[in-house]
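Letter by letter, the chains look like this.
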Amino acid sequence: MIHTIQVLPDITLRCFSDDRFKQEGLSLTLVRPMCREEAPLNALLPAVLLRGCASAPDLRTITQRLDDLYGASVGSQLRRVGDYQTTGLSCSFMKERFALENDRVFDPMIDFLQELLFDPKLENGVFCESFVEGEKRNLLSAIASEKNDKRAYANAQMFRKMCKNDSFGTPRLGYAEDVEKITPESLYAHYRKILRNSPIHLFYVGAKDPAEIADRIRPMFAGLERAPLSLPPQTPFCDCGECRETEELDVKQGKLCMGFVTPSTLRDEEFVATQVFNTIFGGGMISKLFMNIREKMSLCYDIGSHYYGGKGILTVSSGIAFDKEQVVRAQILHQLEQICQGQVTEEELLSAKPAICSSLRGTHDSPGAIEGFYATAALSSLVFSHSEYMEAVEKATAEDVVA
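Residues numbered from 1 in each chain as written. Predicted model: local features only at pLDDT ≥ 70, side-chain atom pairs only at ≥ 80, totals over all residues. Heavy atoms only, no water.

Student: Lay out the environment of Lys121 with the relevant residues and their values.
Tutor: For Lys121, the location among the structural elements is in the loop between α3 (106–118) and β6 (122–123). Residues Lys121 and Val48 lie 73 residues apart in sequence; the distance between their C-alpha atoms is 9.5 Å. Not counting chain neighbours up to four residues away, the residues in contact with Lys121 comprise Gly52, Cys53, Ala54, Pro57, Phe127, Cys128 and Phe131. (Helix = DSSP H or I, 4+ residues; strand = E, 2+ residues; numbered from the N terminus. Contact = heavy atoms within 4.5 Å.)

Here you go:
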């Protein structure tokens, strides 16, 4: 059960009450419209905040503070959720009932999170240059490493081309040339701006009373100058017309990526049928794409599909020999047409549903998984609750999938 509390205007706390774990979790994120100008700034900011605050000015003292809290951890929180990008921090800490008598964990953890977010170590009134330059190198390295995974790289390149006029085409970490331009001054100005005008979302997983959490968190924002801006609504991807592009690299295996625009997003009730369709089409090792194109025809090394429900985009990715591109492309479209013509068996349907439900049950396996599912669902405006989601999967028919 999710308890939602409006702590202050445009500051929302969501609590998932669960007493199964020894650890509790809390995330605090600023929600921004996804755009090229801000993407690298949002990606860099939490890493710089984690380098030091006024009371713990370096990594050594931060580690000591966390060790004193029974090995608590703090990490950056950066996500792309449809048309939004979130940036902030998340922490994990032990429940107090497992601590020594009279030892406190929750309150000191909240205090430390507040310091890291709102009282960073500064130099000449802005972020420390060594922190910014060091984290810029790390971010540039992460962006450059994308090419090491050719399948992920090809998929990312496809999104950049397919969604060039949509926010979804902007890489989550931004572009290297934009990272290079960031200075301590520009990053600090961005930090002050988004603290002032971003909606703030907090998510807590643990056994404490939601009202108690809200009362404890509310003072964190005392004195914080706020003038929040309204976020634009999430939108489905609009078809930009057919396009084909090839990029030549010195590789031994080709990567074929195809993107499709679907008529449903996770804000539509047809979303579940589309997800079941994707599972049957290419969402696993018993899918039509895998069983036919890879296993029976031996036309590719690997193949699968993925459905991005926030935007209504379906992708197919395959590893192929260079001379097999046209035949694999044709077979992918043929398998799609087979489903459109009603060729969905009861066996395929009965195999797809448990796979989806198993994945959904897995969202309750850890505090981090719980936060990831429900925080993302809230920002995406998922039309179903978790239980309704699973019920809708079970009720999906072959006719729904074909439609």
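Here the narrative resumes, following the displayed structure.
Student: Let's hear about the pattern of salt bridges: which residues, and what values?
Tutor: Enumeration over the complete set of coordinates arrives at 24 salt bridges. Residue Arg20 is joined to Asp18 by a salt bridge in which the shortest nitrogen-to-oxygen separation is 2.8 Å. Using a relative accessible area of 52% as the deciding quantity, one classes Arg20 as exposed. Since its relative accessible area comes to 9%, Asp18 is described here as buried. For the salt bridge of Asp19 with Lys95, the shortest nitrogen-to-oxygen distance reads 2.8 Å. Of the two residues, Asp19 is situated in the loop between β2 (11–17) and β3 (23–33) and Lys95 in the loop between β5 (84–94) and α3; the sequence distance between them amounts to 76 residues. For Asp19, a relative accessible area of 45% puts it in the partly exposed group. With a relative accessible area of 3%, Lys95 lands in the buried category. Each of Glu96, Arg104, Asp107, Asp111 and Arg216 takes part in a single network of salt bridges with overlapping partners. (Salt bridge = Lys/Arg side-chain N within 4 Å of Asp/Glu carboxyl O. Buried < 20%, exposed > 50% of the residue type's maximum accessible area, 1.4 Å probe, protein only.)

Student: Pulling in residues and values, what's your account of the side chain of Lys353?
Tutor: Counting through the fold element by element, Lys353 comes out in helix α12 (residues 346–361). Buried charge without a salt bridge: Lys353, with Glu394 as the nearest opposite-charge side chain at an N-O distance of 5.2 Å. A distance of 2.7 Å separates the side chain of Lys353 from the backbone oxygen of Glu394, its partner in a polar contact. Residues in contact with Lys353, not counting those within four places in the same chain, are Val393, Glu394, Lys395 and Ala396. (Lys, Arg positive; Asp, Glu negative; His and termini not counted. Polar contact = N/O pair within 3.5 Å; in protein donor to acceptor, adjacent residues only side chain to side chain.)

Student: Explain helix α7 (residues 184–197) to me, using residue names and the numbers behind them.
Tutor: Compared with the 20 Å implied by 1.5 Å per residue over 14 residues, the 20 Å span of α7 between its first and last C-alpha is a close match. Within the span of α7, buried status applies to Pro184, Leu187, Tyr188, His190, Tyr191, Ile194, Leu195 and Asn197. (Expected span 1.5 Å × (residues − 1).)

Student: Break down the side chain of Gln331 for me, with residues and values.
Tutor: Structurally, the position occupied by Gln331 is in helix α11 (residues 325–340). Apart from residues no more than four positions distant in its own chain, Gln331 is found in contact with Ile293, Met297 and Leu299.

Student: So what's going on with the sheet that holds strand β9 (residues 254–261)? Which residues, and what values?
Tutor: Read from one edge to the other, the open sheet built from three strands follows the order β9-β11-β10, with strand pairing classed as antiparallel. The outermost strands of the open sheet, each flanked by one partner alone, are β9 and β10 (302–308). When strand polarity is set aside, the average angle formed by the axes of neighbouring strands in this sheet is 15°. As paired strands, β9 and strand β11 (residues 313–320) are joined by eight bridges and run antiparallel to one another. Among the inter-strand pairings, Gly254 is bridged to a residue of β11, identified as Ile320. Of the strands in this sheet, β10 and β11 touch helix α9 (residues 271–282), which is tilted by about 175° from β10. Most of the contacts of helix α10 (residues 288–296) go to β10, to which it runs at about 155°, and overall it touches β10 and β11. (Pairing = 2+ DSSP bridges. Axes fitted to C-alpha atoms, helices over the stretch in contact; angles between N-to-C directions.)

Student: I'd like a description of the layout of surface pockets, backed by residues and values.
Tutor: Its volume calculated, the largest pocket comes out at about 1100 Å³. Looking at the largest pocket, it is lined by 34 residues, and the ones nearest its centre are Glu245, Thr246, Lys255, Leu256 and Cys257. For the lining of the largest pocket, the elements supplying multiple residues, two or more each, are α5 (150–162), β9 and α11. Examining the composition of the lining of the largest pocket, we find that eight residues originate from one element, β9, more than from any other. Of the residues assigned to the lining of the largest pocket, the class counts are 17 nonpolar, six polar and 11 charged. Roughly 810 Å³ of internal volume is contained in the second largest pocket. Lining the second largest pocket are 28 residues, with Leu266, Gln275, His306, Tyr307 and Gly309 positioned closest to its centre. (1 Å grid on protein atoms, 1.4 Å probe; cavity = no way out; pocket = protein on both sides within 12 Å on 5 of 7 lines; lining within 4 Å. Points joined across faces, edges and corners; volume = space filled by probe spheres on them. Nonpolar A, V, L, I, M, F, W, Y, C, P; charged D, E, K, R; others polar.)

Student: Give a detailed account of helix α8 (residues 210–217), specifying residues and quantitative values.
Tutor: For α8, the complete set of buried residues consists of Pro210, Ile213, Ala214 and Ile217. Across the axial projection of α8, the buried residues extend over an arc of 100°, all falling on one side. Buried residues belonging to α8 abut β1 (2–8), β2, β3, α3 and β8 (200–206). Where α8 begins, one side-chain oxygen reaches toward the backbone nitrogen of Ala211, 3.1 Å away; that side chain belongs to Asp209. (Arc of directions from axis to C-beta.)

Student: Give a detailed account of the environment of Val393, specifying residues and quantitative values.
Tutor: In this fold, Val393 is placed in helix α14 (residues 386–395). On the accessibility criterion, Val393 (0% relative accessible area) is buried. Expressed as a C-alpha distance, the spacing of Val393 and Asn148, which sit 245 residues apart in the sequence, is 36 Å. With near-sequence residues (within four places) excluded, Val393 lies in contact with Val272, Lys353, Ile356 and Cys357.

Student: Please provide a residue-by-residue account of the packing of α9 against α11, values included.
Tutor: For the pair α9 and α11, interaxial distance at closest approach is 11 Å and the crossing angle is 130°. Our classification of the angle between α9 and α11 gives oblique. In this structure, α9 meets α11 at a crossing whose hand is right-handed. Residues Phe277, Ile280 and Phe281 of α9 touch α11, and the partners they reach there are Ile332, Gln335, Leu336 and Ile339. Among the residues making up the contact of α9 with α11, the classes are represented as six nonpolar, one polar and no charged. (Parallel < 35°, antiparallel > 145°, perpendicular 65-115°, else oblique. Left-handed = near helix turned anticlockwise from the far one by under 90°.)

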